[in-house]
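Given next are the chains, with one letter for each unit.
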Amino acid sequence: MARLGVLGVMVVLFLVLPLGRQLVELYTDWLWFHELGYPGVFSKIVSAKVVLGLGAGLVVFLVLYLNLLATRRGHGPHLELAGEEDLPQLPSWAIAEPLYRKFRLPAALVIAFLLSGQGTAHWETVIRYWHAGTFGMADPLFGRDVGFYVFTYPILLGVLQFLTLVLSVTLAAVAAVYVLSRGIRLAATGLVISPWAKGHLLGLGAAFLLVKAWGYSLEAFGLLFSAGGASFGASYADVNARLPALYAMIGLAGLAAVLCLFQMTRPGLRFAFVGLALWIGGGLLGLAAYPAVVQRLRVAPNEIVAERPFIERTIAATNRAYGLDRIESRPFPAEENLTAAVLRKNDTTIKNIRLWEHRPALDSYGQLQEIRTYYKFVDVDNDRYTLDGESRQLMLSVRELSHAHLPSRIWINEHLVYTHGYGAVVGPVNRVTREGLPEFFIKDIPPVSTGSLEVTRPEVYFGEVANAYVLVKMRAPELNYPQGDQNVYTTYAGTGGVGIGSLWRRIVFAARFAEVKILLSDDFTPESRILYHRQVAERVQKIAPFLRVDRDPYPVVTAGGRIVWLVDAYTTTSHFPYSQPTAGVGNYIRNPVKVSVDAYDGTVNLYVVEPDEPMVAAYARAFPGLFRPFSAMPEDLRAHIRYPQDLFGIQARMYAQYHMLDPQVFYNKEDLWTVPIRKTEGRDAEMEPYYTIMRLPAERREEFILLLPFTPVRRDNMIAWLAARSDPPHYGKLVLYEFPKGKLVFGPRQVEARIDQDAFISQQLSLWSQAGSQVIRGGLLAIPIEESLLYVQPLYLAAQRGRLPELKRVITAYGNRIAMDETLEAALQQLFGARPAGAEPAPAAGGPAVSAPGVPTRAAAEALEHFNRARERFGRGDFTGFGEELKQLEEALRRLQAEAPR
């Protein structure tokens, strides 16, 4: 009995301890949602989970326990009295029966508790179902609206899986009890089953078969997501062989269930075995053999003829599901008519050509502006701002606090003193100092601004990296920023976080974070607050777990000087009929929600930019007050929304195949495109979409554009480029510019090959790669200007130790001409003979960029500079450098001669 008592205590602890942890987490989450102003979201999600969990657990308990109770009448005779053979490994039922009676109810409760999670896991599916809408598009096979497959079909599958699991567990448990109680036993004449046990098991078997029959009807809808044909979705063999077989299996499973019920009143098991044999045989022949025969004899000899209508369905559905049907196609003649005058006309485009790539810029920012080891720049993001009346593309990076790099990682440092990052660095994408380093518009600690853009609230409590929690408004001061040998301290003045001034709250949060110091610390005040869920993406995902959050939140400096993160959120599903899936995403994606997260107080706002999107409309009905209209977004944030790179990359890769609308062309892959391959750090990789400010052909003004070129498969020439527009009133519009089919337009890989073949450039790269230096080649950008293409590639030089990349050269290519020089201005001047108005000259050493008074003056200054450098290198015995400077001096003198007044 002592063992039974210990076992009972263990069962109680097994149930109570996890429940206690869940209650603590539930309570603190409730506080967090209230702090953010979304208590209705929390209540809706929790109530859905509780109701579904309790409902599922109750169903499991009732089905299992009532069936276990029903086994009382199916026990066999005591074998020691009957004199029959028994399985020697089975315990005596006389000994086992008291234990069975004692633990029958607890066992049913434990199993019900364990399986209740099957209901809780489907809370989102149920909420979507109760607030479902329509897509206005019917599937071509069954004629049902796509909304049925997105909102209703998943819950039907969930119910099917749940019933199958419950019946399987019940069947196994009941059969085990009958074996132990000798209701099923081995005798000299064979297997013996008591009449009650036989009827009971046959009844459960019939219920299982009826559930299977229903499952076959759902499997018919599942053919729309088949991947076995010439294209995704139901193929010829699926529709003409597998679908009729599924209908037949519904009848066979139903017949087998009826025969099981009929067998309950007849001796033996003959009718039941016949029904099962028909069901299993029908499955082997109808679902496996028959479709294979149809595929081999009917489809394979002329697959394109058989699959043509189904390929058409896949093309149409995939274009609809990924928004590719919205792409506007325009011709792009790819003429070679660029001149200096044309470049001056497009000076805004030239000014915003990105010379600083992500990785070199991040390395340089880290070396120049991290200030302390515990500050880190996690990412560099591109955005556009209006400065002095013109649109400029800028790089922004937030200086975040990395607790992993603290000099001393004691608890008080991690959670009370070092609580936040500080400020951001901002600079233009195309300007450098004389040393080849990034120029900054905002830099240093405290932030120093050289223009109209300012950061007045630099503290970053919420960012891309953060520890689990920090405590603010404590007696211990927080480090605000270092200043020389001293530190400047502060106290949090925001409204973020949850109050933790009371003893009860401290107990609760000490339990949540398993940290007794929260309970014992003497630094708490009545106003103390705890900030948690501080990572931006995690914060958004916690509030809206039904949305897919973009992997790249980006910061915005508002007109009021605050740092606010913007995050793109997506609606996705894997149940769009006939649409080709993307790994890790599904086969439908939209970006209907933009989210803002304040870096200081953590305020989260979700704005709907596409209210007619069916899935976000369902969530809006389910969670009133969660979403705000896009018009409610502050204007200074609205000016910085951009088309997301993740979504654009998915669409571009899908469009590379699904732009082929003709089934014959699609089947033969005659016009298959791909994303160009570029070299990055010595290896090949797909080119990533990139932002730029440019004027699209036939448009009147410059816009913030995300673009990506295409090349034909297994060829390197460019075939088209795709642009996504980010500025109103054209936000979200996709435009494809196609090149003439009979015209050769160099692609990025071909241009890079021609750069490599240039004798002067190749020699320079070899020289720079010596003596402990590393040449970093930036991505080759294809910049459409008017109806022509200009290629630009930055070159960086970095020591193998230290990783402080310097922008040393800019390579430009146009048509058959290639030029390399220290600045974009000089490189373009080599190509086109005169300085384009938008190309900005390099600044003086250590100072900002300034405009040169004229090309001859500029060339003369360059000549003098190269002369001084040549003399310096000759004095050091650097004869290779001396020769290089002489060559640059010669080029500068030639430019001076060409541009001098005559």
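No experiment lies behind these values; they were computed from the predicted model shown. (Residues numbered from 1 in each chain as written. Predicted model: local features only at pLDDT ≥ 70, side-chain atom pairs only at ≥ 80, totals over all residues. Heavy atoms only, no water.)

Caption draft 1: Region of the structure containing the overall build of the protein chain. From N to C terminus, the protein chain includes 27 helices and 34 strands. Buried residues in the protein chain amount to 53% of all 902 residues. Sequence separation of at least 24 residues holds for 67% of the intrachain contacts in the protein chain that already meet a minimum separation of 6. Accessible surface for the protein chain amounts to roughly 39,100 Å². Of this, 58% is attributable to carbon and sulfur atoms. (Helix = DSSP H or I, 4+ residues; strand = E, 2+ residues; numbered from the N terminus. Buried < 20%, exposed > 50% of the residue type's maximum accessible area, 1.4 Å probe, protein only. Contact = heavy atoms within 4.5 Å. Areas by Shrake-Rupley, 256 points an atom, 1.4 Å probe, with all protein chains shown as cover.)

Caption draft 2: Summary view of empty space enclosed by the protein. For the coordinates displayed, the defined rule picks out four cavities of 30 Å³ or more. The calculated volume of the second largest cavity comes to roughly 60 Å³. What lines the second largest cavity is a set of 13 residues, among which Leu-401, Gly-421, Val-460, Val-465 and Arg-534 lie closest to the centre. For the lining of the second largest cavity, the per-class residue count stands at six nonpolar, five polar and two charged. (1 Å grid on protein atoms, 1.4 Å probe; cavity = no way out; pocket = protein on both sides within 12 Å on 5 of 7 lines; lining within 4 Å. Points joined across faces, edges and corners; volume = space filled by probe spheres on them. Nonpolar A, V, L, I, M, F, W, Y, C, P; charged D, E, K, R; others polar.)

Caption draft 3: Looking closely at the layout of surface pockets. Computed from the structure, the largest pocket encloses a volume of approximately 1,200 Å³. Where the lining of the largest pocket is concerned, the elements lending two or more residues are helix 14 (358-369), strand 5 (381-387), helix 21 (645-658), strand 24 (677-680), strand 25 (683-686), strand 26 (690-694) and strand 30 (773-777). In terms of residue count, helix 21 provides more of the lining of the largest pocket than any other element does, six residues in total. The class makeup of the residues in the lining of the largest pocket is 15 nonpolar, seven polar and 18 charged. Taken as a whole, the second largest pocket spans an internal volume of roughly 1,000 Å³. Around the second largest pocket, the lining is made up of 28 residues, and of these Leu-19, Gln-22, Lys-49, Val-50 and Thr-120 lie nearest the centre. Contributions of two or more residues to the lining of the second largest pocket are made by helix 1 (2-36), helix 2 (39-70), helix 4 (93-115) and helix 5 (117-120). When residues in the lining of the second largest pocket are grouped by element, the largest group, 10 residues, is from helix 2. Its residues placed into classes, the lining of the second largest pocket shows 18 nonpolar, six polar and four charged.

Caption draft 4: Up close: the pairing of strand 14 (residues 486-490). Looking at chain direction, strand 13 (residues 478-483) and strand 14 are connected through five bridges and run antiparallel. Bridge assignment links Pro-482 to a residue of strand 14, and that residue is Asn-487. Linking strand 13 to strand 14, which pair antiparallel, is a turn of two residues; within it Gly-484 sits at a positive phi near 65°. (Pairing = 2+ DSSP bridges.)

Caption draft 5: Main features of the pattern of salt bridges. The tally for this structure, following the rule as stated, stands at 35 salt bridges. Lys-345 is the partner of Glu-786 in a salt bridge, and the nearest nitrogen-oxygen pair spans 3.7 Å. Pair noted here: Glu-786 is in the loop between strand 31 (781-785) and strand 32 (788-799) and Lys-345 is in helix 12 (residues 340-345), with a separation of 441 residues, a long-range link. Across the salt bridge formed by Arg-409 and Glu-414, the nearest N and O atoms sit 3.1 Å from each other. Residues joined by salt bridges that share partners form a network here, namely Glu-328, Arg-330, Glu-699, Glu-703 and Arg-725. (Salt bridge = Lys/Arg side-chain N within 4 Å of Asp/Glu carboxyl O.)

Caption draft 6: Geometry of helix 18 (residues 536-543). Within helix 18, burial applies to Val-536, Arg-539, Val-540 and Ile-543. Down the axis, helix 18 shows its buried residues gathered within 95° of arc, on one side only. (Arc of directions from axis to C-beta.)

Caption draft 7: Seen up close, the sheet that holds strand 16 (residues 529-532). Taken together, the three strands give an open sheet; going across it, the order is 12-16-15, and neighbouring strands pair in antiparallel fashion. Both edges of this open sheet fall to strand 12 (469-472) and strand 15 (498-499), since each of them pairs with a single strand only. Bridge count between strand 15 and strand 16: two bridges; the pairing is antiparallel. Its bridge partner being in strand 16, Gly-499 is matched across the sheet by Arg-529.

Caption draft 8: Expanded view of the nonpolar core. Of all hydrophobic cores here, the largest spans 217 residues; its most connected members are Leu-606, Phe-627 and Leu-790. Counting residues per element, this core draws most heavily on helix 9 (residues 236-263), at 10 residues. Not counting residues up to four positions away in its chain, the partners in contact with Leu-790 are Leu-338, Ile-350, Ile-353, Leu-781, Ala-782, Ile-783, Ile-785, Ala-813, Tyr-814, Leu-828, Leu-831 and Phe-832. If you look at the next biggest cluster of nonpolar residues, it comprises 15 residues, including Val-60, Phe-61, Leu-68 and Phe-162. (Core = buried A, V, L, I, M, F, W, Y, C linked by side-chain atoms within 4.5 Å.)

Caption draft 9: Highlighting the confidence of the model for the protein chain. Here the protein chain shows a mean pLDDT of 88. Residues at 70 or above account for 89%. Across residues 79-85 the pLDDT falls below 50, and counting only partners more than four positions away or on other chains, this stretch makes nine contacts in the model. Counted against residues more than four places away or in other chains, residues 841-855, with its pLDDT under 50, gives 32 contacts. (pLDDT = per-residue confidence, 0-100.)

Caption draft 10: Here's a closer look at a nonpolar patch on the surface. A contiguous nonpolar surface patch, about 260 Å² in accessible area, is contributed by Leu-19, Leu-23 and Leu-26. Relative to the assigned elements, Leu-19 resides in helix 1. Of the residues examined, Leu-19 reaches a relative accessible area of 42% and is grouped as partly exposed. (Patch = residues over 30% accessible without salt bridge, like charges linked within 9 Å, V, L, I, M, F, W, Y side chains within 5 Å.)

Caption draft 11: Structural context of the packing of aromatic side chains. The tally for this structure, following the rule as stated, stands at 46 aromatic pairs. Where Phe-332 meets Tyr-737, the ring centres are 6.2 Å apart and the plane angle is 80°; that geometry is what we call edge-to-face. Here Phe-332 is found in the loop between strand 3 (328-331) and helix 12, whereas its partner Tyr-737 is found in strand 29 (residues 734-738), with 405 residues between them in sequence. In this structure, Phe-332 and Tyr-737 share a single accessibility class: buried. (Phe/Tyr/Trp six-rings, centres within 6.5 Å; stacked < 30°, edge-to-face > 60°.)

Caption draft 12: Broad picture of the side chain of Asn-319. Position of Asn-319 relative to the elements: it lies in helix 11 (residues 303-321). For Asn-319, a relative accessible area of 7% translates into the label buried. A polar contact is formed between the side chain of Asn-319 and the backbone oxygen of Ile-315, at a distance of 2.7 Å. Setting aside its immediate chain neighbours within four residues, Asn-319 contacts Leu-324, Asp-325, Tyr-655, Tyr-658 and Leu-661. (Polar contact = N/O pair within 3.5 Å; in protein donor to acceptor, adjacent residues only side chain to side chain.)

Caption draft 13: Up close: the packing of helix 7 (residues 146-180) against helix 8 (residues 195-222). Two elements in contact, helix 7 and helix 8, have axes whose closest approach is 10 Å; the angle formed by their N-to-C orientations is 160°. Considered as vectors, helix 7 and helix 8 are oriented roughly antiparallel to each other. Between helix 7 and helix 8 the crossing geometry is left-handed. When grouped by side-chain class, the residues that make up the contact of helix 7 with helix 8 number 23 nonpolar, seven polar and no charged. (Axes fitted to C-alpha atoms, helices over the stretch in contact; angles between N-to-C directions. Parallel < 35°, antiparallel > 145°, perpendicular 65-115°, else oblique. Left-handed = near helix turned anticlockwise from the far one by under 90°.)

Caption draft 14: Local environment of the pairing of strand 5. Most of strand 5 sits inside the fold, with six of its seven residues counted as buried. Here strand 5 runs beside strand 6 (residues 390-401); their pairing, made up of seven bridges, is antiparallel. By the bridge assignment, Asp-383 is partnered in strand 6 with Leu-394. Linking two consecutive strands that pair antiparallel, namely strand 5 and strand 6, is a turn of two residues; a positive phi of about 55° is found at Asp-388 within it.

Caption draft 15: Geometry of helix 7. Compared with the 51 Å implied by 1.5 Å per residue over 35 residues, the 50 Å span of helix 7 between its first and last C-alpha is a close match. The largest bend in helix 7 is about 45°, located at Thr-152, with the proline Pro-154 one to four residues further on. With a side-chain oxygen positioned 2.7 Å from the backbone nitrogen of Gly-147, the residue opening helix 7 is Asp-145. Arg-182 occupies a position one or two residues after helix 7 and carries a positive phi of about 65°. (Expected span 1.5 Å × (residues − 1). Bend = angle between axes of the 7 residues up to and from the residue.)

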